[in-house]
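# Remarks on the overall topology
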Amino acid sequence: MDIERWRSEIDELDEELLRLLNMRARLVMKVGALKRSTGLPLRDPEREEFVLRHLQELNNGPLDQQAVARLFRRIIRESRRIESVMADRSNSTAVTSVNSPTKLRGIA
């Protein structure tokens, strides 16, 4: 297999990851709305640690446990940001867009 074919496969996986991350973000928005309506705090450290431990237990590599933790901590941090933006949006009219563009670096 040549490098272009591998890159093509990576591109396909990246597109699928993006689709799944956006699906996750939509669910986060629903959870955030439920938290607001029931008065629950946006951050749940116990839940976050459970998610990290669970995913590390499922991990069979080649990513090591620290890489899994770093990746999912970032995903969780972005989820909290989305929840916070949605909370701000419900409390005011001037809000930074959840869809602000992000530059990707280090692509294969």
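For the structure, check the block above.
Residues numbered from 1 in each chain as written. Predicted model: local features only at pLDDT ≥ 70, side-chain atom pairs only at ≥ 80, totals over all residues. Heavy atoms only, no water.

Taken N-terminus to C-terminus, the directions of helix α2 (residues 45-58) and helix α3 (residues 65-91) make an angle of 145 degrees; their axes are 10 Å apart at the nearest point. Handedness of the crossing formed by α2 with α3: right-handed. Between α2, through Glu48, Val51, Leu52, Leu55 and Gln56, and α3, the contact on the second element is made entirely by Gln65, Val68, Ala69, Phe72, Arg73, Ile76 and Arg80. The class makeup of the residues in the contact of α2 with α3 is seven nonpolar, two polar and three charged. (Axes fitted to C-alpha atoms, helices over the stretch in contact; angles between N-to-C directions. Helix = DSSP H or I, 4+ residues; strand = E, 2+ residues; numbered from the N terminus. Left-handed = near helix turned anticlockwise from the far one by under 90°. Contact = heavy atoms within 4.5 Å. Nonpolar A, V, L, I, M, F, W, Y, C, P; charged D, E, K, R; others polar.)

What follows is about the pattern of salt bridges. A complete count under the given rule lists eight salt bridges for this structure. For Glu9, the salt bridge identified is with Arg5, shortest N-O distance 3.8 Å. Taken together, the residues span about one helical turn, with Glu9 and Arg5 both in helix α1 (residues 3-38) at a distance of four residues. By relative accessible area, Glu9 is classed as partly exposed at 30%. Among the ionic pairs, Arg80 bridges to Glu48, the shortest N-O distance being 2.9 Å. Taken together, the positions of Arg80 in helix α3 and Glu48 in helix α2 put the pair 32 residues apart, joining distant regions of the chain. The class of Arg80 is partly exposed, set by a relative accessible area of 25%. (Salt bridge = Lys/Arg side-chain N within 4 Å of Asp/Glu carboxyl O. Buried < 20%, exposed > 50% of the residue type's maximum accessible area, 1.4 Å probe, protein only.)

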